[in-house]
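# Descriptive analysis of the structure
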Amino acid sequence: MGYVTREMIDRAKKMDLLTYLQTYEPQELVHFGGNTYCTREHDSLKISNGKWCWFSRGIGGKTALDYLIKVKELPFTEAVERIVGRAAERPSVFHARAQPEKPKTLLLPPKSNSNTRVIAYLKSRGIDGGLIEQCIRSGQLYESLPYHNAVFVGMDRNGTPRYACLRGIGTDFKGEATGSDKRFSFALPATGESRMLCVFESAIDLLSYATMAQAGGLSWRSQHLLSLAGVYKPQKETQEHRLPLALTQYLKDHAEIKTICLCLDNDMTGRSATETIRQQLAERYKVASAFPRQGKDYNDWLCIRMGLQPAKENPMTERSFAR
């Protein structure tokens, strides 16, 4: 545990959340309307008039310090150090690109003694029980304490945890463990030599696809499965487009891949992302799109097929394969 002085605490308490995000994490800010903002990670967390409130959780505050403690679940001293350290070390805009990126240290949430709630939650969403158990045995899935979130762990090629996505059970909470490196998102690599990669927006969509493939007698283990750790939203200007970090890293680590199937959400954002990625990779790979045939995403499709939720009309649902 670090040590912080009273002066450091006072400095940290002076920074409001909007200023903090605008200065250090502008990619997290989404303009909601008027002088109100939300975060890309939590669309129910609204920032306005010097205050913030996370409506789905019923918590709020004024300062960036409140946010880091209550939402990011950082220990008090670490939250103070993050605010004060960033303020002291903020590089000049003329030299920002030259600063080497510091290696991230992943702080995984404590594990619960049981994974009962996570197993029940994923089964309620149609995920195959054997697949769930396999992910638990491999260390890629567990139930956390004290909130009993589902934790999806992403590992590098050496099997070292580098990323963790947290998903609330019975709530709309979505988050990432402190120190998560988005280059190493949740993935299920092929068990043998495979040239095929299927890409999904979330870990649950990935597991939904694997469940349907298994039920259909297909060997999903014969292809690489990768989630992008959330929605990928391309920049407005084409020249600013960048591939998702997780996809870039996975292709770097698996040079044998020749074909990419984009299984993103069947909505405007998912289709826009699919087309953007296809344009950037078409010269080097064979790229196809496979939107869910029912519902918005692959978990919707799985739940509809299993009768866990009624089919909803989606005006964007039709077969579409981009070559």
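Let me sum up the structure you'll find in this document. (Residues numbered from 1 in each chain as written. Predicted model: local features only at pLDDT ≥ 70, side-chain atom pairs only at ≥ 80, totals over all residues. Heavy atoms only, no water.)

## Observations regarding the overall build of the chain
- A tally of helices and strands in the chain yields 10 helices and 14 strands.
- For the chain, the proportion of its 323 residues judged to be buried stands at 46%.
- Once local pairs closer than 6 in sequence are excluded, the contacts in the chain between residues at least 24 apart make up 61%.
- Within the structure as shown, the chain displays about 17,300 Å² of accessible surface, and the carbon and sulfur contribution to it stands at 50%. (Helix = DSSP H or I, 4+ residues; strand = E, 2+ residues; numbered from the N terminus. Buried < 20%, exposed > 50% of the residue type's maximum accessible area, 1.4 Å probe, protein only. Contact = heavy atoms within 4.5 Å. Areas by Shrake-Rupley, 256 points an atom, 1.4 Å probe, with all protein chains shown as cover.)

## As for the sheet that holds strand β9 (residues 174-176)
- Strands sit in the order β6-β7-β8-β9 across an open sheet of 4 strands; the sheet is antiparallel. Sheet topology places β6 (141-143) and β9 at the edges, where each strand pairs with a single neighbour. Taken pair by pair, the neighbouring strands of this sheet meet at an average axis angle of 25 degrees, ignoring direction.
- Here strand β7 (residues 150-155) pairs with strand β8 (residues 161-167) via 6 bridges, running antiparallel. Within the sheet, the bridge partner assigned to Val151 lies in β8 and is Leu166. (Pairing = 2+ DSSP bridges. Axes fitted to C-alpha atoms, helices over the stretch in contact; angles between N-to-C directions.)

## Considerations on the pattern of salt bridges
- Tallying each qualifying case throughout the model produces 9 salt bridges.
- Lys296 serves as the salt-bridge partner of Asp297, at 3.8 Å between the closest nitrogen and oxygen.
- On the basis of relative accessible area, Asp297 is assigned to the buried category, the value being 13%.
- By relative accessible area, which is 33% here, Lys296 ends up partly exposed.
- Each member of the salt-bridge network shares a partner with another, and the members are Asp156, Arg162, Asp181 and Arg183. (Salt bridge = Lys/Arg side-chain N within 4 Å of Asp/Glu carboxyl O.)

## A look at the side chain of Thr63
- Structurally, Thr63 can be placed in the loop between β5 (59-61) and α3 (64-70).
- When its relative accessible area of 14% is taken as the criterion, Thr63 is described as buried.
- Here the side chain of Thr63 touches Asp66 through a polar contact of 3.0 Å, landing on its backbone nitrogen.
- If sequence neighbours within four positions are ignored, Thr63 has contacts with Lys13, Met15, Asp16, Leu17 and Trp52. (Polar contact = N/O pair within 3.5 Å; in protein donor to acceptor, adjacent residues only side chain to side chain.)

## Considering the environment of Tyr37
- Structurally, Tyr37 is set in strand β2 (residues 36-39).
- Among the residues examined, Tyr37 registers a relative accessible area of 22% and is labelled partly exposed.
- Spatially, the C-alpha atom of Tyr37 lies 5.0 Å from that of Ile47, the residues being 10 residues apart in sequence.
- Setting aside residues no more than four positions away along its own chain, Tyr37 makes contact with Leu18, Leu29, Val30, His31, Phe32, Leu45, Lys46 and Ile47.

## What about helix α5 (residues 116-124)?
- Among all positions of α5, only Val118, Ile119, Tyr121 and Leu122 are buried. The buried residues of α5 all sit within an arc of 165 degrees when viewed along its axis, so they share a single face.
- Buried-residue contacts for α5 involve α6 (129-137), β6, β7, β8 and α7 (203-215).
- Trailing α5 by a residue or two, Gly126 shows a phi angle of about 90 degrees, which is positive. (Arc of directions from axis to C-beta.)

## Description of the sheet that holds strand β1 (residues 29-33)
- Strand order in the open sheet formed by 5 strands is β1-β2-β3-β4-β5, and the pairing between neighbours is antiparallel. The open sheet has two edge strands with one neighbour each: β1 and β5. The average angle at which neighbouring strand axes cross in this sheet is 25 degrees, direction not considered.
- As judged from the 2 bridges shared by β2 and strand β3 (residues 45-48), these two strands associate in the antiparallel manner. Bridge pairing in β3 places Tyr37 opposite Ile47.

## A look at the nonpolar core
- Formed by 32 residues in total, the largest nonpolar core has its most connected members in Leu122, Phe152, Leu188, Leu207 and Leu225.
- Ranked by residues supplied to this core, first place goes to α7 with 8 residues.
- Counting 30 residues, the second-largest nonpolar core is a separate cluster that includes Ala12, Ala164, Phe173 and Ala177. (Core = buried A, V, L, I, M, F, W, Y, C linked by side-chain atoms within 4.5 Å.)

None of the figures reported here should be taken as evidence of function without further support.
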